[in-house]
Amino acid sequence: MSRTAYRTCPLCEALCGLELTLEGDQVTGVRGDAADPFSRGFICPKGATLGQLDGDPDRLHAPLLRDHTAPAREDDAPHHVEVDWTAAFEAAERGLRRVIDEYGKDAVAVYIGNPTAHSIAGPLYGSAIIKSLGTRNVYSASTADQMPKHVSCGHLFGNPMAIPVPDLDRTDYLLMLGANPLESNGSLCSAPDFPGRLKALRARGGRLTVVDPRRTRTARLGDRHVFIRPGTDAYLLIALVHTLFAEELVTLEHEVNGLDDLRALAVEFAPEAVASVTGVPAPTIRTIARELAAAERAAVYARIGTCTQAFGTLASWLVDVLNTLTGNLDRPGGAMFPRPAHTPTYRIRRRPYTTGRWHSRVRELPETNGELPIATLADEIETPGEGQIKALITIGGNPVLSAPNGARLDGAFSGLEFMVSVDPYLNETTRHADVVLPPPRPTQTGHYDFALLGFAVRNYARYSPPVLPLPEGRPSEAEILARLAVIASGLDAAPDALDEMIIENTLAKAAAMVGSPVHGRKVSELRPLLDGDTGAELRLDMMLRLGPYGDGFGADPDGLTLTGLRDDHPHGIDLGALEPRLEEVLWTISGRIELCPPTFAADVARLRAGLEDADLGDGFLLIGRRHLRSNNSWLHNVPELVGGSNRCTLQLNPADADRIGVAAGEVVRIVSRVGALTATAEPTSEIMPGVVSLPHGWGHDRPGTRTRVAQDNAGVSVNAVTDEQEIDPLSGNAVFNGVPVRVEAVREGEREVSGKR
Ligand SMILES: Nc1nc2c(c(=O)[nH]1)N[C@H]1C(S)=C(S)[C@@H](COP(=O)(O)OP(=O)(O)OC[C@H]3O[C@@H](n4cnc5c(=O)[nH]c(N)nc54)[C@H](O)[C@@H]3O)O[C@H]1N2
Ligand SMILES: Nc1nc2c(c(=O)[nH]1)N[C@H]1C(S)=C(S)[C@@H](COP(=O)(O)OP(=O)(O)OC[C@H]3O[C@@H](n4cnc5c(=O)[nH]c(N)nc54)[C@H](O)[C@@H]3O)O[C@H]1N2
Ligand code: SF4
Ligand SMILES: [Mo]
């Protein structure tokens with residue numbers, strides 16, 4: 001007998017509702033959930049294969065311990081054996097406590113990967129692990145991704161989480177830089193069926209300009225594509241700012257500080273001044289500025305291409321400067337702040353936003369948002385001395401493939417004294433772990449998007465309870481992380497005690513806060529009102545009830561509760577179009593938008609210096625690439641997604657291919673400061689001359705992993721050539737775009753093995 005179940009897709013940021021068909025405990029079909037008010041049945045090939053991912057025979061069903069006694073293999077591969085959960089947690093406790101006791105708390109580092117932002121467990125328990133450890137060595141995929149945006153919004157709005165999203169469904173004019181939502185389905189802008197929403201924009205007469213060194217599928221959908229030299233968006237953006245001032249096109253709708261400073265900064269960046277460094281003709285820049293200013297409702301939206309580059313923070317900042325200067329910030333059709341159901345709106349925290357509250361030991365890089373840059377993790381593991389990292393906890397990440405110079409990290413990980421990984425796969429990173437703690441299947445896991453609902457283009461909420469029960473004795477990921485938090489704390493406490501403590505603290509604070517829906521009430525009265533089967537559900541219920549649509553613990557009987565959301569809205573609930581709410585998210589001390597933060601103004605000196613040396617010689621600039629059927633490093637074990645032609649190719653312009661003497665399908669070597677790799681050449685006129693592109697997340701040919709399909713479709717890791725010494729200095733973010741490389745044809749007879757295909 002088959003049955004149907006509904007849940008949110010956990011794979012990318014688009015939040016699609018899925019309709020699963022199950023036979024017994026196997027998913028036999030996946031369709032888009034037509035009743036989901038946000039995604040309305042949209043689904044992509046990744047969501048459609050969630051069943052295969054869920055039932056992947058390579059998924060770990062039991063914890064693994066590294067067997068250091070196994071006879072060494074020729075390839076030096078780590079060897080792991082299955083153990084029960086009690087033994088696994090005991091081993092984790094022994095290993096971590098020994099390192100903490102011997103070297104102190106900073107000797108344990110934590111790395112939190114991307115899927116953690118898509119789970120309930122990550123946002124609810126990740127920070128508990130960090131707090132319990134008390135370590136300064138906190139790393140995550142954020143510094144390989146969006147950290148520049150947090151730093152930029154932290155300074156502009158006093159609130160690093162206040163990242164405006166383009167109001168896709170209502171805008172008339174979208175200027176998009178460094179994003180390719182037709183492949184990625186969008187990022188920091190959750191919009192199921194992003195492609196359909198862009199087509200609707202075009203259909204209602206709206207305009208779409210795409211700035212990208214590749215003519216991507218998204219660029220082809222727009223009415224204008226502008227090639228840009230990788231890493232130079234900040235020049236283009238400041239020239240747009242320049243033009244708005246020069247042509248008196250500025251319309252301010254909000255109180256700002258720093259307008260005159262900004263105008264003065266932009267003076268020397270006229271379109272003509274930046275044309276050669278960016279490769280964008282001056283008239284094009286002027287036209288875009290005029291169109292932005294003239295559009296009734298316009299939004300500037302920029303993503304990974306503009307963040308993972310040397311000017312990541314300046315580019316991120318200038319995007320929202322443009323939204324502000326054109327009067328489009330916080331207004332319908334412009335760039336707006338979503339209001340997620342689980343985030344209280346009564347808590348306004350006016351305090352100065354700072355970075356660099358501590359610095360990394362070796363390179364002295366500043367902390368941002370409580371983290372240190374992933375680009376310096378290898379330094380901290382390899383460099384001896386007081387404070388050296390000796391142990392590592394990874395949660396849902398694969399930095400060996402995803403971090404800049406991942407090859408160096410691979411080596412560094414083998415030198416650790418102890419490593420624990422929470423991950424469903426034994427892969428390039430987790431193969432180094434002494435203990436691997438696998439979370440259960442997606443179908444056995446509840447879902448709520450704490451991290452992503454704050455970036456959705458409509459206010460929306462959905463809770464998906466687990467579709468299948470957990471097997472006897474198997475902990476949920478929330479329980480795994482809670483156990484690790486308790487282990488890290490060194491206290492003799494039950495993991496549930498952690499949830500109770502957090503609930504009591506939060507309720508007590510809310511009760512004490514004027515403006516909160518439970519102001520003046522007693523914790524002992526509120527706590528019994530919470531409903532949920534697990535600690536995580538109780539906490540979600542609490543957050544929803546204190547949130548802007550919540551029932552306020554009975555104050556508004558029609559308001560949201562977890563039970564109501566789950567039982568009355570199994571397909572999710574639409575909470576309306578985005579509404580202006582700047583005053584709720586603006587936390588600057590001045591109560592104004594800080595348009596020209598001094599640290600950003602100072603960093604403009606780097607832009608100025610770069611105006612002079614725009615010459616690259618005959619080298620190339622490397623950029624990344626995403627494909628609809630892939631997702632970072634971890635969907636390559638799903639046969640349906642990796643079938644077909646090799647996608648891990650080096651794209652280059654046909655003129656460049658001719659110049660270096662390479663034809664389609666031939667092998668090229670890519671060499672950078674840090675390393676070299678070989679890949680198959682794919683000449684295409686879709687890419688700008690002088691630029692080459694290779695996707696990331698491949699390179700599955702290392703020994704000691706258990707991902708058979710991925711091994712057969714290994715590809716090569718682009719992060720063998722990206723440089724961990726190059727960062728965006730303001731955010732510490734990794735630089736994956738605009739990496740200088742040499743590309744040369746590999747002659748017959750000198751080919752190296754470069755992955756199996
Ligand atoms: N199918 C699929 N979807 C995904 C992912 C995936 O791996 N596969 N990953 C997910 C994750 S973790 C993220 S963060 C998001 C990212 O989502 P997006 O930001 O949409 O990511 P990309 O598709 O890589 O698009 C980045 C674009 O930037 C361009 N680019 C490169 N360098 C520059 C530059 O210097 N300037 C400009 N203007 N453009 C540049 C690239 O050519 C590329 O087209 O996607 C998410 N969704
Ligand atoms: N060159 C280059 N490098 C890049 C990028 C690029 O564009 N170019 N993009 C960067 C970006 S945007 C990002 S976000 C990072 C991603 O970097 P990472 O987060 O380090 O890498 P992922 O490949 O997303 O790793 C996912 C891991 O999580 C595991 N996993 C999957 N589901 C779960 C789960 O439910 N729980 C747990 N605990 N684990 C799970 C998978 O098995 C896999 O090991 O890569 C960055 N690296
Ligand atoms: S677009 Fe993203 S959320 Fe939607 S089905 Fe595909 S992977 Fe899942
Ligand atoms: Mo990402």
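Our subject in this report is the structure included herewith. It should be emphasised that the depicted structure is a prediction, and the values quoted were computed from it without experimental measurement.

Rules behind the numbers
The residue numbers shown here count from 1 along each chain, following its written sequence. Here chains are named by letter from A upward and ligands by number from 1 upward, in the order in which they appear as written. The model is predicted, so local features are restricted to residues of pLDDT at least 70 and side-chain atom pairs to those at 80 or more, both for listing and for counting; the totals for chains, interfaces and linings are taken over all residues. Excluding hydrogens and water, the side-chain figures rest on all heavy atoms present in the structure. One heavy atom within 4 Å of a molecule or strand is enough for the residue carrying it to be called near that molecule or strand. Counting of polar contacts relies on pairs of N or O atoms within 3.5 Å, with two restrictions inside protein: one atom must be capable of donating a hydrogen and the other of accepting it, and residues adjacent in sequence are counted only when both atoms are side-chain atoms. Shrake-Rupley sampling with a 1.4 Å probe provides the accessible areas, and residues are treated as covered by the protein chains on show and by no other component. Classification used: nonpolar for Ala, Val, Leu, Ile, Met, Phe, Trp, Tyr, Cys and Pro, charged for Asp, Glu, Lys and Arg, polar for all others including Gly. By salt bridge we mean one thing: a side-chain nitrogen of Lys or Arg within 4 Å of a carboxyl oxygen of Asp or Glu. Strands are runs of DSSP state E lasting at least 2 residues, helices are runs of H or I lasting at least 4, and numbering of each runs from the N terminus. Whether two strands pair comes down to DSSP finding at least two bridges between them. Working convention: axes come from line fits to C-alpha atoms, limited for helices to the stretch in contact. Angles between N-to-C directions cover 0 to 180 degrees. Expected span, for any helix, means 1.5 Å times one less than how many residues it has. Buried residues are those whose accessible area, probed at 1.4 Å on protein chains only, stays under 20% of the maximum for their type, while exposed residues exceed 50% and partly exposed ones sit between those limits. The contact rule is simple, with two residues in contact once any of their heavy atoms fall within 4.5 Å. Each patch is built from residues that are more than 30% exposed by relative accessible area and take part in no salt bridge. Like charges join if they lie within 9 Å; nonpolar side chains (Val, Leu, Ile, Met, Phe, Trp, Tyr) join within 5 Å. Two residue types count as positive, namely Lys and Arg, and two as negative, namely Asp and Glu; His and chain ends fall outside the count. A charged residue contributes its charge at one atom only: NZ of Lys, CZ of Arg, CG of Asp or CD of Glu. In these notes the angle categories are as follows: under 35 degrees is roughly parallel, over 145 is roughly antiparallel, 65 to 115 is roughly perpendicular, and the rest is oblique. Handedness of a helix crossing follows the sense of rotation of the near helix relative to the far helix, less than a right angle counterclockwise being left-handed and clockwise being right-handed. Residues enter a nonpolar core if they are buried and are Ala, Val, Leu, Ile, Met, Phe, Trp, Tyr or Cys, with the set joined through side-chain atoms within 4.5 Å. Under the pairing criterion, centres of Phe, Tyr and Trp rings, with the six-membered ring standing for Trp, must be within 6.5 Å; the plane angle then separates stacked pairs below 30 degrees from edge-to-face pairs above 60, leaving the rest tilted. Whether a charge lies above a ring is judged from NZ of Lys or CZ of Arg, which has to be within 6 Å of the ring centre and within 35 degrees of the ring normal.

A short note on the site of ligand 2
Close contacts around ligand 2 come from 28 residues, with Asn114, Asp423, Asn427, Glu477 and Ser633 the closest. One of the backbone N or O atoms of Asn398 is found 2.8 Å from an oxygen atom in ligand 2. Residue Glu477 places a side-chain N or O atom 2.6 Å away from a nitrogen atom belonging to ligand 2. Relative to its unbound accessible area of 930 Å², ligand 2 is 93% covered by the protein chains. Tallied by class, the residues present in the shell around ligand 2 amount to 13 nonpolar, 11 polar and 4 charged.

Re the pattern of salt bridges
Applying the stated criterion to the full structure yields 52 salt bridges. Between Glu272 and Arg286 there is a salt bridge, and its shortest N-O distance comes to 2.7 Å. Here the residue Glu272 occupies a position in helix H11 (residues 271–278), and Arg286 occupies one in helix H12 (residues 282–294), the gap between them amounting to 14 residues. Notably, a salt bridge pairs Glu579 with Arg339, separated by 3.9 Å at the nearest N-O pair. Here Glu579 is found in the loop between strand S19 (573–577) and helix H23 (582–585), whereas its partner Arg339 is found in the loop between strand S14 (335–336) and helix H15 (377–382), with 240 residues between them in sequence.

Side note on the sheet that holds strand S1 (residues 2–8)
The strands that make up a sheet pair up through hydrogen bonds in the backbone, lying either parallel or antiparallel. One open sheet holds the 3 strands; their spatial order is S1-S2-S3, and the pairing between them is antiparallel. The open sheet has two edge strands, S1 and strand S3 (26–32), and neither has a second partner. Averaged over all pairs of adjacent strands, the angle between their axes in this sheet comes to 30°, without regard to strand direction. In this sheet, S3 lies alongside strand S2 (residues 17–23) in antiparallel orientation, the contact comprising 6 bridges. Bridge pairing in S3 links Leu20 to Val30.

A look at helix H21 (residues 535–546)
Between its first and last C-alpha, H21 extends 17 Å over 12 residues, near the 16 Å set by a 1.5 Å rise per residue. Across the 12 residues that make up H21, a large majority, 10, are buried. Those residues of H21 that sit buried are Ala536, Glu537, Leu538, Arg539, Leu540, Asp541, Met542, Leu544, Arg545 and Leu546. In this fold, the buried residues of H21 make contact with helix H4 (121–133), helix H18 (477–489), helix H19 (495–512) and helix H22 (562–568).

Observations regarding the site of ligand 1
In the vicinity of ligand 1, 30 residues are found, and the nearest of them are Ser184, Asp212, Gly231, Asp233 and His627. A distance of 2.7 Å separates an oxygen atom of ligand 1 from a polar atom in the side chain of Ser184. Between ligand 1 and the protein, one listed contact pairs an oxygen atom with a backbone N or O atom of Gly231 at 2.7 Å. For ligand 1, whose free accessible area comes to 910 Å², the fraction covered by protein is 98%. With 3 residues, the top contributor of residues to the shell around ligand 1 is helix H6 (residues 181–184). Taken together, the residues of the shell around ligand 1 sort by class into 9 nonpolar, 14 polar and 7 charged.

Thoughts on a positive patch on the surface
A surface patch of like charges, here positive, comprises Lys131, Arg347, Arg349, Arg351 and Lys509. Structurally, the position occupied by Arg351 is in the loop between S14 and H15.

Focus: the packing of helix H9 (residues 233–246) against helix H14 (residues 312–325)
Their axes nearest at 9 Å, the elements H9 and H14 cross at an angle of 25°. Considered as vectors, H9 and H14 are oriented roughly parallel to each other. Judged by the sense of rotation from one axis to the other, the crossing of H9 with H14 is left-handed. Taking contact as the criterion, the partners of Asp233, Ala234, Leu237, Ile238, Leu240, Val241, Leu244 and Phe245 in H9 are, on H14, Leu314, Ala315, Leu318, Val319, Val321, Leu322 and Leu325. For the contact of H9 with H14, the residue count by class is 14 nonpolar, no polar and 1 charged.

Side note on a negative patch on the surface
On the surface, a cluster of negative charge is made up of Asp84, Glu90, Glu93 and Asp492. Mapped onto the elements of the fold, Glu93 is located in helix H3 (residues 85–103). Classification of Glu93 by relative accessible area gives partly exposed; the value is 37%.

Comments concerning the sheet that holds strand S25 (residues 691–693)
Read around the barrel, 6 strands follow the order S21-S25-S22-S24-S23-S28 and close on themselves; strand pairing throughout is mixed. Strand-to-strand twist in this sheet, taken as the mean axis angle between neighbours without regard to direction, amounts to 45°. Relative to S25, strand S22 (residues 649–652) runs antiparallel, the two sharing 2 bridges. From the neighbouring strand, Gln651 faces S25, where its bridge partner is Ser693.

Examining the nonpolar core
In this structure, Leu174, Leu198, Leu437, Tyr448 and Leu484 are the most contacted members of the largest nonpolar core, which totals 75 residues. Among residues more than four places away in sequence, those in contact with Leu484 are Ala92, Ile129, Ile393, Val420, Val422 and Leu437. If you look at the next biggest cluster of nonpolar residues, it comprises 67 residues, including Leu244, Trp317, Leu595 and Val604.

Quick word on the packing of aromatic side chains
Scanning the model with the defined rule gives 7 aromatic pairs in all. Look at Phe38 and Tyr460: their rings are 4.8 Å apart centre to centre, the planes differ by 40°, and that puts the pair in the tilted class. Of this pair, Phe38 sits in the loop between S3 and helix H1 (45–48) while Tyr460 sits in strand S18 (residues 458–461), and the two are 422 residues apart along the sequence. Taken as a pair, Phe38 and Tyr460 share a single burial class, namely buried. Both rings, one in Phe194 and one in Tyr301, keep their centres 6.3 Å apart while their planes meet at 35°; by these two values the pair is tilted. Remark: Tyr301 occurs in strand S13 (residues 298–302) and Phe194 occurs in helix H7 (residues 194–203); sequence separation between them is 107 residues. Above the face of the Tyr125 ring, Arg539 is positioned so that its terminal group lies 5.0 Å from the ring centre.

Topic: the packing of helix H5 (residues 147–157) against H14
As a packed pair, H5 and H14 sit with axes 8 Å apart at the nearest point and diverge in direction by 50°. Viewed along their axes, H5 and H14 adopt a mutual orientation that is oblique. At the point where H5 passes H14, the crossing takes the right-handed sense. Contact with H5, carried on its side by Pro148, Lys149, Val151, Ser152, Cys153, Leu156 and Phe157, involves Gly312, Thr313, Ser316, Trp317, Val319 and Asp320 of H14 and no other residues of that element. By residue class, the composition of the contact of H5 with H14 is 7 nonpolar, 4 polar and 2 charged.

So, the pairing of strand S9 (residues 173–177)
Of all 5 residues in S9, 5 are buried, a share of seventy percent or more. Residues Tyr173, Leu175 and Leu177 of S9 are buried on one face, and the alternating residues Leu174 and Met176, pointing to the opposite face, are buried as well. Sheet topology note: the S9/strand S10 (residues 207–211) ladder contains 5 bridges and is parallel. Considered in S10, the bridge of Leu175 is made with Thr209.

Some remarks on unusual backbone geometry
With a phi angle near 65°, Leu15 is a residue other than glycine that sits in the positive phi range. With respect to the helices, strands and loops of the structure, Leu15 is situated in the loop between S1 and S2. Phi is positive for Asn185, close to 60°, though the residue is something other than glycine. With respect to the helices and strands, Asn185 occurs in the loop between H6 and H7.

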